[in-house]
Every structure is written in structure tokens, then in C-alpha cells.
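Remarks on the overall topology
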Amino acid sequence: MEQPLSSRVTARIPLPGTRRLFGRWWRRQSPAHQDRYATLAPLASVLLFLAAIISAFWYLRNEEFEREGEAVRRDTEIAQQHVRLRLIENEESLGRIAQDLVLRDPDRSLFQRNAADLIRERPEINRIYWLAANRSVVSTQSANGYRVDDEPGAVVLEHGMSLPKEGADNSSEAAFVRARKIREPVYSSAFADSAGVNVLQVHVPLMVRNVFLGMVVAEYSTGSLIRFLIPPDVSNRHAISLLTTKGRLLASTVMPMRGQDLPKATIVHDVPVLPSGDSLLLRGQGYRTSVGLIGNTLFWMVVALSMLTVWTLFGTWRHVRRRSQMQSALVSEANFRRAMENSMLTGMRAMDMEGRITYVNPAFCAMTGFGESELIGRMPPFPYWPPDRHDEINRLLQQELQGRSPSGGIEVKVMRKDGEMFDARMYVSPLIDPKGQQTGWMTSMTNITEAKRIRDQLSASHERFTTVLEGLDAAVSVLSVQQGELLFANRSYRLWFGADALGHALLAGDDIEAMPTTEHEDSVESMGGLPTQELTEIGSDPREVLIEPLSKWFDVRVRYLQWTDGRLAQMLIATDVTSRRNAETLAASQSEKAQVTSRLVTMGEMASSVAHELNQPLTAIANYCNGMVSRVKNDAIEKDDLIAALEKTSKQAQRAGQIIHRIRAFVKRSEPQRQEAQAQTIIDDAVDLASIELRRRKVSIHTYVAQRLPPLMVDPILIEQVVLNLLKNAAEAIDSADLPAARRSIELRVVPKRSAEEGHVIEFSVTDMGPGIQPEVLARLYEAFFSTKAEGLGIGLSLCRSIIESHRGRIRAENLYNAGSVSGCCFAFTLPVESGRIEALPSPNPVVTS
């Protein structure tokens, strides 16, 4: 029978485009991938089936959960309606009681009858209060068995009534105040009464012509609200609870046993329960009733069958995967070797036992410029050999073929295809097949043109550096710390000390005998654990060393470094400073002579004053002696008078001797010697000497010395010389200006100071009221041989500055001004205090003498 037209037309329709594309994609896949996809297809089907079953069970579970949630919400709202309606009815009843109290004469018996009737009808009400406008209790009525007056913790108010205290009173008072303010019923927050029962109150105001007369208060027990107002069918289906807005549980239809907790509800719905305000919440709770996926036998049977199928397919997949992995590993290994050979910068060349090239890598072709086809199969001479070196390179090739190539490789010249030459190093090793037979030779070639150039530059740089070191006038030596071996010595070192390490040890101050010798090289190095990195980063302060055999002074600088072979070494640079030391010694001698000369000049300038000072005791001695001689000749003197006269003569002689002793100690030539000295002692000695000149010039002096000054490490004679020179200059300036008596005074102060530049110092200052110093003189004040005196030598202040600076101090001079005019001059110098004595510095509380 002939087919219908529609069937014939359908047979002629080609495959859909999607099927054609899939077939084309499947044919392009490799057999390994086709096997993998064929294995994964059943596995994917089983997984999809399992996912569908799980989704169906999950949908049914969610549907059940939504139905349970809707039931909880419905029951919670039913319970809310019941509670609210009952509370509203109670508010109306309380309003009627309040209306009776307003319309009739207030009577306690009437209130108690009405309240008792309401409590009897409404068991959820515990008690009813009648409060006056001042919140005092007028009357109260409680449920049967609930005693108010015997309640522990109650507050007794007027008429013998009572109310709970503490938190209850605060919540009740807040509701009372709010009801009085808004003139409407108000519910209080839930609180625990004195018996520990959770309660809440509703306050209904008593109003007459908008005048507040009091309050009718009904008190509910939260447990009674749940017990009497929740419908039994609702409480049988779900757990209904009363909570505060903070989540505190007040009462519930389901209460846990002592020491146990209720299971956590999975469905919770909260609604406000009070007619006004939201201080109390009604919560409905529900629990899942289905056994879920765990107890569903059908589900687990499907899962078990699916897992069995998956396990079977997984075994097949592992077998196919292992075979695919082995095939991929072979391909990857071949690709890795090819990529490694292509990425190497070292040229590789393989030859058979006859010297024929069998393999070259891309790096070798790039170095020589010849392609792989131009090299493979070629016999010597190869095209990259320079024409003028065929014999030399052929001889090296024969050595390679005979296995006599040096292990360090051979250095050859290679010519590129474009004729350019470069240096190369070749390493040759035998080529062994898997059977252990040698089949040829493998050669690696490296371009060393740049490395050779750098090596040549380093050699030239080393030669230049060595030439510089050899030309230095200073001795440079490097000594190995571990072995005590002299690693380097320049020409100056060899000229002074020879090629021996003893000179290095003498300069470094080490004992050459204590250093390890080469006889103990096999023993454990005594300095092997030294921190090389830290030592090489640490420098050393320069020091001067006297080498007695050479009679030379050297300025020595030492530091540690790592030698070229990694050993720790000590480098020493010693500069001959003998001429400088001799010059410094001569300068110190000249300075000492100048100091003595200055003191002698000072005493010479004070000669007339000293003579006048000595003349007084000598005249007194002469007068005493003449008087005693006259009285002895006339037998007119008693023994006691004679003794008294002799004692006075002795005192005058001692006075003259002290003056001479002080002058002699000042001008005596001695070696400079720094020692601990007190500033007070130095000032006393200087003022004693200066007072001779000051009295002659009729100049007074006032001295201020701080108490408990620390001792100074100075030469006291030199510091005394500076103070005396400044005092004498001040006195001469005042006398030469012929100033009046009011301005003929000098102030000498010694006080501690601290500055950012100098730190803690002791400052000596000499201030006069003379004419000051001219600006041009002030600029040249410390120049040697510069003086404003006709007979001056110009070495006094210059020498003072040298003395102070040698003690690490500073000296300065400045004019004092008063209303724009010079009113005097101040010379001051500072001496540093040793760091260990800084804590002993006092506050500048001076000792004053005149």
C-alpha cells in the first residue's frame, strides 16, 4: 500500500540542525574522549534522577511546613481575639464600677460589692483597687484565697491598704500617671508581685466634669490570662505563650518540667495582645510533624540503587581515565622534552660514532645561523668552522671522538652563517642508549663572548686597582683571621715591614703568638663561628700607634671583610703621621711656654700692686720691731707686751709670705695636669690674686657661686689663669675709663647651665660696668698679637680661648646695653660636666661673697 503523502514528506525532511551539529562534534572527538563521554552519560542520568527525587521530597516538605505555619498564625490570631475581647469587656465593667463611684456618694461597701461580683465572673482578675487622686489606696477587693495585707514586701498606705513595692510600684505608677494624663484606660507593663507571680494592671480613671478624682485598677495574673482566655482547642493544637517585648516568658500553655528545656519551635508567630499599647506579646509556636527525608523508605531505596549504579559507572570511568592518563602522560613527556630543548639557551648537538651530526636543537641553530636541514647528516669539516682554524678544530674533534675531551670543556671560535665570529665553550659527554651501549656523543655549546669580555675587563680593573694600592704612601694589608696568613700587602707595607704578618699584628695591636698558625689547619678553627655578616658591617675608630723599631707614628684604620674565597679577613690601612705628631708636640710645648709667659706678664703688670701689697705688712713689721727695741733699751716693756708685739709681727710676716706663696704657685712652670677640681676653690684662688690689682684700682668685686657644683676635670692653674686674666682686663677697662665709684664694680658668677648644643655645662661669667668693646675690636678679639693697650702683647685673650677650647669649652664676649647705649661688657666661658656627674647638678642657688 502506498504511504500517505504526509509520511513521504516527513521521510524527505533532513535531520534537525541541532542533531547535525552534535553528530559533527562527536565525530571530531578522539576515541579516548568518546569513551569518556560514553561512560559519563549514564552517570549523569542517574544523578539527574536522584536530583529529581530529592526535589520532589523537598517540595512536599516545604508545602507541609507552609501549611503548619498558616495554622500557627490562624490559632495565634484567634487566641488574640479572645483575649482582647475579654479585656475590652473587663474595661467596660471597670468603667461601670467607676461610673457608680462618680454618680453616687463614694462608698467602699458599694465598690467592694461591685468588685467582688466582677472578680467572681472574671476569674482572670486577681484583685481590684480603688485609688484616690494622690494614688493612695481607698479600697481593694481580691480574689478568694488571695490575701493582700499579709503579702510579703507590701507597702502599707492610707486606710491600712497595701500595694506591692519596687519594680511593681514603678510600673504601676507609670501606668497611673499616663491614665491620668490621657483620661483613658492604660495597661501597665508586666511585673512580678511580692509573691513572685507575673501580673499586669489596667488603670481606668474616675472623671467628673473633666476633673480627675481617682483610679480603678484591675490586676491580672498572666497565668490566669493563658489558663482562662485561650480556647482549649487552640491550646491543644499549638503552644501559646505571653512574653514581654524584650522576649521574657511570662506564661505559656506548655511549661517545661523542672531542670528541662522545651524543644525549640520551628514555627513562631508573635502578635500584640493588649487593646492599647504593645507591652505584651502573644506568641504561637508550632513543630514539624513529618519524619522528613530520613524515614522515607522509598527515598532511601532510590538512593541505594542510584549509588550502586554510580559505583559501577565510577569503576568503568576510573579504568578509562587511567588509560587516558597514560596516553596523556606519554604525549606530555614528549612535549616537555621538546619544549625544554627548544627553550634552552645552550646549543645541543648529537653525533654518531663516525662524527656525523644526527641532532641539533633550535638554540644551536640560532647560535650558528644554520638551519637544522643544513647541519643534520653533515660530516667534518662543519660549515660553522672558521676556514683558518680547520686543522685546530679537527684535532679537538678527534680528541672528542676518542673520549679524551677535558672535563672543563674546550674553548673554540665559531663562525656564523653571516661570517661573524664568536667565542664558545663546548662540553662533550657520551650518548648511551637504553641497553647501555654508546651510540654517539652529545655536545653542549655556550656562547662565552660576553663572559670573556667581562673577565678581561675585571682583570684590567684588578690590575688598575693593584697599581693604585701599590702607589699609596699608606701601608695596606689584609690578614686572614682564622689562619693568620697575610693575604695582601702593598709596596709601602713591604717597604716598612717586609712580607711578614708581624707588622700587621703590631699595627692592629694583636699578639702575633696568640694567632693560629698553619700547623693547626686540620684542627677546629677557633674563630669559625664568628658572625661574618655583622663583622663586615662594623667599622672601627681610627687610632694612632707608635712602632718603636721604626720610630714612627701611624694612623691605623681597621675593618673586617670577606676575602674572595669567603674567608673572614681583617683589612688595615696605616698612614705615617710622624711629622704631624712632631708638629703637635712642638705646638703643645710652645703653647705651654706661652701660658707660662702669659702668667709672668700678668704678674709683671701687677708688680706695682704686689709691691704695694707687700709693703704694708713689711712696714708694720719694721714698726713693731723698732718699738720693741726702744722699749727694751729703756726697760719699759713687760713680758706679756713683748709677746703680744712679737705675735703681731709674726702675723704680718705670715701675711707677706702667703702673698709671695700664692704668686709663686701661679707663675711656677709645671706640666699641664687635668684633675678633679672644685669651681669654688678655683674662684677663691683667682679672686685672692686679683684683689691685689682691684684694690689698687679701687674696683670692688661681687662673687656668686652656685652650691653643690660637681667637680670639674680640668687643669686648675690654667682655669685660674683665664679667670684672673678676665678680672684684670675688666678692672683695667673700668680704671682707664675713669668711671665714678658707683660703676667701679665687677660681678663674677659661676652657675650650672644646659643647652641643646653643649649639654650640661658650668658657666663662668665676668661682668663689668665699663665702656664696653668697640664692634671692630670685638671681631678681632681673639687674634694673636692683637691688643688695644699700648703696652699689651695681644696674647692674653687668644691664650684664654686656647685653654678653654682645649678643655672642650667655649668662650664668648658681648656688650651690655641700657636704653640703646653700652652699659658694660660680659665675658663668659663654659666647661663641660662629665656624664656620670650630671645628676649631681644643683639648681642655680648661689653662694654670694663680696
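I will try to describe carefully the structure that is included in this document. (Residues numbered from 1 in each chain as written. Predicted model: local features only at pLDDT ≥ 70, side-chain atom pairs only at ≥ 80, totals over all residues. Heavy atoms only, no water.)

Once that is clear, we can look at the sheet that holds strand S13 (residues 347-352). Sheet architecture is open: five strands sit in the order S14-S13-S17-S16-S15, paired in antiparallel fashion. Of all strands in the sheet, those with a lone pairing partner are strand S14 (357-360) and strand S15 (410-415), marking the two edges. Neighbour-to-neighbour, the strand axes of this sheet turn through a mean angle of 35 degrees, independent of strand direction. Two strands pair when backbone bridges link them, and S13 and S14 are joined in this way by three bridges, in the antiparallel orientation. Bridge pairing in S14 places Ala350 opposite Tyr359. Sheet contacts for helix H11 (residues 390-401): S13, S15, strand S16 (421-432) and strand S17 (438-447); angle to S13, the most-contacted strand, approximately 70 degrees. Against the sheet, helix H12 (residues 449-471) contacts S15, S16 and S17, and its axis sits at roughly 120 degrees relative to S16. (Pairing = 2+ DSSP bridges. Helix = DSSP H or I, 4+ residues; strand = E, 2+ residues; numbered from the N terminus. Axes fitted to C-alpha atoms, helices over the stretch in contact; angles between N-to-C directions. Contact = heavy atoms within 4.5 Å.)

Further remarks concern unusual backbone geometry. Geometrically, the link from Pro380 to Pro381 is a cis peptide bond, its omega value of -5 degrees lying close to zero. Within the secondary structure, Pro381 is located in the loop between helix H10 (372-375) and H11. Although it is not a glycine, Asn210 sits at a positive phi angle of roughly 65 degrees. Tracing the chain through its elements places Asn210 in the loop between strand S7 (198-208) and strand S8 (211-221). In this structure, Lys698 is a non-glycine residue whose phi angle is positive, near 60 degrees. Relative to the helices and strands, Lys698 is located in the loop between helix H19 (679-696) and strand S24 (700-706).

Attention now moves to empty space enclosed by the protein. Using the criterion set out here, one finds three cavities of 30 Å³ or more in the structure. Its volume calculated, the largest cavity comes out at about 90 Å³. As for the largest cavity, its lining consists of Arg349, Tyr384, Trp385, Ile393, Leu396, Leu397, Glu400, Ile410, Val412, Lys413, Val414 and Met426. Going through the elements one at a time, H11 and S15 are the ones with two or more residues in the lining of the largest cavity. Residue composition of the lining of the largest cavity, grouped by class: nine nonpolar, no polar and three charged. (1 Å grid on protein atoms, 1.4 Å probe; cavity = no way out; pocket = protein on both sides within 12 Å on 5 of 7 lines; lining within 4 Å. Points joined across faces, edges and corners; volume = space filled by probe spheres on them. Nonpolar A, V, L, I, M, F, W, Y, C, P; charged D, E, K, R; others polar.)

Structurally, Ile119 can be placed in helix H4 (residues 108-121). Judged by relative accessible area, which is 9%, Ile119 ranks as buried. Measuring from C-alpha to C-alpha, the distance between Ile119 and Asn90 comes to 9.9 Å, with 29 residues separating the pair along the chain. For Ile119, the residues in contact, after removing those within four places along its chain, are Ile125, Asn126, Arg127, Ile128, Gln141, Ser142 and Ala143. (Buried < 20%, exposed > 50% of the residue type's maximum accessible area, 1.4 Å probe, protein only.)

So, on to the packing of aromatic side chains. Taken as a whole, this structure holds nine aromatic pairs when the rule is applied. Considering the side-chain rings of Phe176 and Phe212, the 5.9 Å spacing of their centres and the 80 degrees angle between planes classify their relative orientation as edge-to-face. One end of the pair, Phe176, is in helix H5 (residues 167-182); the other, Phe212, is in strand S8, and 36 residues separate them in sequence. Per residue, the accessibility class of Phe176 equals that of Phe212, and both read buried. Relative to Phe554, the ring of Phe497 lies with its centre 6.1 Å away and its plane at 45 degrees, an arrangement referred to as tilted. Here Phe554 lies in strand S21 (residues 552-562) and Phe497 lies in helix H13 (residues 491-497), a separation of 57 residues in the sequence. Accessibility classification places Phe497 together with Phe554 in one group, the buried group. (Phe/Tyr/Trp six-rings, centres within 6.5 Å; stacked < 30°, edge-to-face > 60°.)

Moving on, we get to the packing of H19 against helix H20 (residues 716-736). The description of two packed helices rests on the angle between their axes and on the distance between the axes. Between H19 and H20, the shortest axis-to-axis distance is 9 Å and the interhelical angle comes to 35 degrees. In this structure, H19 meets H20 at a crossing whose hand is right-handed. Residue-level contacts link Ile682, Ile683, Asp685, Ala686, Val687, Leu689, Ala690 and Leu694 of H19 to Pro716, Ile719, Glu720, Val723, Leu724, Leu727 and Ala731 of H20. Here the contact of H19 with H20 is built from residues that sort into 13 nonpolar, no polar and two charged. (Left-handed = near helix turned anticlockwise from the far one by under 90°.)

Right, let's talk about the layout of surface pockets for a bit. Considering only enclosed or pocket space, the second largest pocket measures out at about 290 Å³ in volume. Forming the boundary of the second largest pocket are 13 residues, of which Phe465, Leu469, Val478, Phe488 and Trp563 lie nearest the centre. Taken together, the elements giving at least two residues each to the lining of the second largest pocket come down to H12, strand S18 (475-480) and S21. Tallying contributions element by element places H12 first for the lining of the second largest pocket, with five residues. When its residues are assigned to classes, the lining of the second largest pocket shows eight nonpolar, five polar and no charged.

Attention shifts here to the sheet that holds strand S20 (residues 543-547). The strand order across the open sheet built from five strands is S19-S18-S22-S21-S20, with neighbouring strands paired in antiparallel fashion. Strands at the two margins of the open sheet, each flanked by one partner only, are strand S19 (486-489) and S20. When strand polarity is set aside, the average angle formed by the axes of neighbouring strands in this sheet is 30 degrees. Here S20 pairs with S21 via five bridges, running antiparallel.

Before going further, it helps to examine the nonpolar core. Ranked by size, the top nonpolar core spans 48 residues in total, and within it Ile746, Phe764 and Phe829 carry the most contacts. Per-element accounting of this core gives the leading share, 10 residues, to H20. Setting aside chain neighbours within four positions, we find Phe829 in contact with Ile719, Val722, Val723, Leu726, Ile762, Glu763, Phe764, Ile804, Arg810 and Ile811. Counting residues in each nonpolar core, the second largest holds 39 residues, with Leu118, Leu206, Tyr220 and Val273 among its members. (Core = buried A, V, L, I, M, F, W, Y, C linked by side-chain atoms within 4.5 Å.)

On to the side chain of Thr222, then. Along the polypeptide, Thr222 turns up in helix H6 (residues 222-229). Among all residues touching Thr222, those that are not within four sequence positions of it are Asn198, Val199, Leu200, Leu242, Leu250 and Ala251.

With 12 residues, H11 should cover 16 Å at 1.5 Å per step; its first-to-last C-alpha distance of 16 Å lies within 8% of that length. Those residues of H11 that sit buried are Ile393, Leu396, Leu397, Glu400 and Leu401. Burial along H11 is one-sided: seen end-on, the buried residues are contained in an arc of 145 degrees. Each element contacted by the buried residues of H11 is listed here: S13, S15, S16 and S17. At the C-terminal side of H11, Gly403 shows a positive phi close to 75 degrees. (Expected span 1.5 Å × (residues − 1). Arc of directions from axis to C-beta.)

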